[in-house]
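# Notes for the structure review
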Amino acid sequence: MTIKLHDTKQGTKVTFKPLTEGKVTMYLCGPTVYNYAHIGNARPAVVFDLLARLLRRRYTLTFARNFTDVDDKINAASAETGKPINEITEKYKRAYNADMGALGVLAPDIEPCATDHISEMIDMIKTLIDKGHAYEADGHVLFDVASDPEYGSLSKRNLREMIAGARVEVAPYKKAPHDFVLWKPSTPELPGWDSPWGRGRPGWHIECSAMAAKHLGATIDIHAGGTDLIFPHHENEMSQSTCVHDGQVFARHWLHNGFLSFHHEKMSKSLGNVLLVHDLIKTIPGEVLRLALLSAHYRQPLDWSDETIDQAAKMLDRLYGAVRGIEVSDAARRNAEPPKALIAALENDLNTPKALAEFFAIARALNKATDDDEREGIAATMYATGDLLGLLQDDPETWFAGHVEGELSSDEIEKILEKRHAAKLEKDYAAADTFRDQLAEAGVQIEDGPDGSTWRRT
Ligand code: AMP
Ligand code: ZN
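Residues numbered from 1 in each chain as written. Chains lettered and ligands numbered in written order. Predicted model: local features only at pLDDT ≥ 70, side-chain atom pairs only at ≥ 80, totals over all residues. Heavy atoms only, no water.

As a further point, take the nonpolar core. Core analysis: the biggest nonpolar cluster contains 87 residues, and Ile39, Leu51, Leu55, Trp304, Phe359 and Met382 have the highest contact counts within it. With 11 residues, the single largest contributor to this core is helix H1 (residues 39-58). Summarising the domain contributions, this core has at least three residues from each of domain 1 (4-257) and domain 2 (262-399). Other than its neighbours up to four places away in sequence, Leu55 contacts Ile3, Phe16, Val24, Met26, Leu61 and Ile222. Membership of the second largest hydrophobic core comes to 39 residues, among which are Ile125, Leu154, Ala210 and Trp254. (Core = buried A, V, L, I, M, F, W, Y, C linked by side-chain atoms within 4.5 Å. Buried < 20%, exposed > 50% of the residue type's maximum accessible area, 1.4 Å probe, protein only. Helix = DSSP H or I, 4+ residues; strand = E, 2+ residues; numbered from the N terminus. Domains from an automatic or database assignment. Contact = heavy atoms within 4.5 Å.)

Once that is clear, we can look at the packing of helix H13 (residues 352-368) against helix H14 (residues 372-389). Running from amino to carboxyl end, H13 crosses H14 at an angle of 160 degrees, the nearest separation of the two axes being 9 Å. Looking at the two axes, H13 sits roughly antiparallel to H14. Judged by the sense of rotation from one axis to the other, the crossing of H13 with H14 is left-handed. Residue-level inspection shows Leu356, Phe359, Ile362, Ala363, Ala365 and Leu366 of H13 in contact with H14, the latter providing Arg375, Ile378, Ala379, Thr381, Met382, Thr385, Gly386 and Leu389. Split into classes, the residues belonging to the contact of H13 with H14 amount to 10 nonpolar, three polar and one charged. (Axes fitted to C-alpha atoms, helices over the stretch in contact; angles between N-to-C directions. Parallel < 35°, antiparallel > 145°, perpendicular 65-115°, else oblique. Left-handed = near helix turned anticlockwise from the far one by under 90°. Nonpolar A, V, L, I, M, F, W, Y, C, P; charged D, E, K, R; others polar.)

Let us look at the coordination of the zinc ion (ligand 2). When a metal carries six donors in an octahedron, the ideal angles between them are 90 or 180 degrees, while four donors in a tetrahedron ideally lie at 109.5 degrees. Coordination of the zinc ion (ligand 2) by the protein comes from Cys29 (SG), Cys208 (SG), His233 (NE2) and Glu237 (OE), over a distance range of 2.1 to 2.6 Å. For the zinc ion (ligand 2), the four donor atoms are set out with angles of 72 to 132 degrees between them, so the coordination reads as irregular. We note that the donor set of the zinc ion (ligand 2) lies within a single chain, spaced as C-x178-C-x24-H-x3-E. Linking Cys208 in helix H6 (residues 204-216) with Glu237 in helix H7 (residues 230-244), this pair joins segments that are 29 residues apart in sequence. (Donors = N, O, S within 2.8 Å, 3.2 Å for Na, K, Ca; no water. Tetrahedral: all angles 85-135°; square planar, octahedral: opposite > 155°, others 65-115°.)

Next up on the list: the sheet that holds strand E4 (residues 60-65). A sheet is described by the order of its strands in space; here four strands give the open sequence E4-E3-E9-E10, paired in parallel fashion. Single-partner strands in this sheet number two, and they are E4 and strand E10 (251-257). Put simply, the sheet's adjacent strands are angled 20 degrees from each other on average, direction ignored. Bridge analysis of strand E3 (residues 23-28) against strand E9 (residues 220-226) gives three bridges, and the strand direction is parallel. (Pairing = 2+ DSSP bridges.)

The next subject is the packing of helix H10 (residues 306-323) against H14. Remark: H10 packs on H14, axes separated minimally by 9 Å, with the N-to-C direction vectors making an angle of 140 degrees. The orientation of H10 relative to H14 falls into the category oblique. Two packed elements cross with a definite hand, and for H10 against H14 that hand is left-handed. Residues Leu319, Ala322 and Val323 of H10 pack against Ala379, Met382 and Tyr383 of H14.

See the structure below:
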């Protein structure tokens with residue numbers, strides 16, 4: 001059996017083959033750290049975390065996911081809030097890792113930050129100029145798109161579409177409208193680094209090219225991100241990296257996840273429908289969110305609603321319900337493997353809907369089994385499957401104490417009250433209300449008094 005993955009560049013499903021036998025390198029474009037990640041941003045983190053887990057079964061994987069910590073959006077957030085840039089980027093880096101951790105996303109092997117790689121970016125830009133692929137103009141350095149005959153081969157766009165996609169006003173210093181910025185000048189109040197072209201800062205695309213080359217080499221096996229990144233970000237990364245390395249292939253396989261919408265609308269601040277992972281995990285178990293994200297095939301669009309969450313919660317209740325009350329010895333757990341059909345589904349372009357169907361097939365078999373040894377064996381298989389998928393990581397009793405059967409335990413109620421209190425202290429009244437509603441739904445009424453809050457069952 002081989003792993004098959006859909007490659008955006010080749011436009012089809014292909015047999016995955018790493019450059020070096022037994023070893024795989026993977027780069028995922030990470031977040032720009034100026035706010036909390038929304039549930040759409042979590043989709044690539046979760047699906048490519050699953051791919052990383054799958055690849056590690058067969059290969060030695062080096063997985064890099066970067067932080068974009070120099071960007072005009074960060075500068076704008078700093079100007080808006082009056083907070084120093086470092087404070088913003090550090091806060092949201094930590095929050096990103098904590099939020100993704102709550103979704104069962106394991107830490108990648110390398111988490112490079114753009115600001116630690118400025119000299120590599122400058123070197124890359126110098127090389128591009130020397131090789132005739134970039135030019136300096138008016139304090140900027142621009143990539144000369146016309147110098148790369150392959151430009152457009154990833155996104156399969158023609159020149160007119162590219163110009164429209166560039167979405168920037170045509171600056172007078174550009175030779176062609178779709179030439180893109182590698183370096184731009186900074187005014188004194190903006191972050192900047194000394195360079196042969198004056199004090200300035202890098203463009204977004206060169207950041208990923210420099211970080212990928214430094215940590216994974218000129219050619220990487222898998223480059224991943226959301227479909228919105230195909231153009232211009234990945235097209236530009238590919239072009240500049242290939243030109244720097246004299247035509248060596250930049251990424252052997254390009255993988256892109258489909259978009260997550262909310263009630264069939266794009267998730268955006270202006271529509272007021274942004275669901276932050278940071279908020280969702282206050283009331284919804286991370287595994288529920290993870291399962292919901294994995295319930296659709298990663299390349300398909302995924303529409304998010306309360307129903308998506310309810311369904312995922314019910315599915316987890318069924319899985320936890322199947323293993324509940326079954327003692328599984330350490331030895332049985334160590335020796336267990338996920339079923340072959342489930343691995344085959346994942347190795348076929350990460351077919352998570354099929355893999356989850358296989359997971360439920362084992363749960364059904366477990367529910368039917370009567371022999372104790374057989375039950376222990378099947379439960380061990382379920383835990384091994386859970387370990388691969390990043391699910392079933394809780395003890396079943398803890399799971400059920402926390403999340404189902406209507407009646408919350410007193411401990412659980414106290415914990416929610418504490419969270420509500422903390423939210424109020426942070427003046428996060430929306431979150432505080434969510435906790436009150438959660439308790440009300442479970443038949444618990446809160447009475448706020450001068451000495452704090454008390455509760456009673458209704
Ligand atoms: P950003 O911080 O905006 O660069 O986004 C981080 C990652 O999330 C990128 O890989 C994007 O492609 C991805 N992404 C952003 N919005 C969505 C969405 N609604 N659905 C799926 N992926 C998304
Ligand atoms: Zn990138």
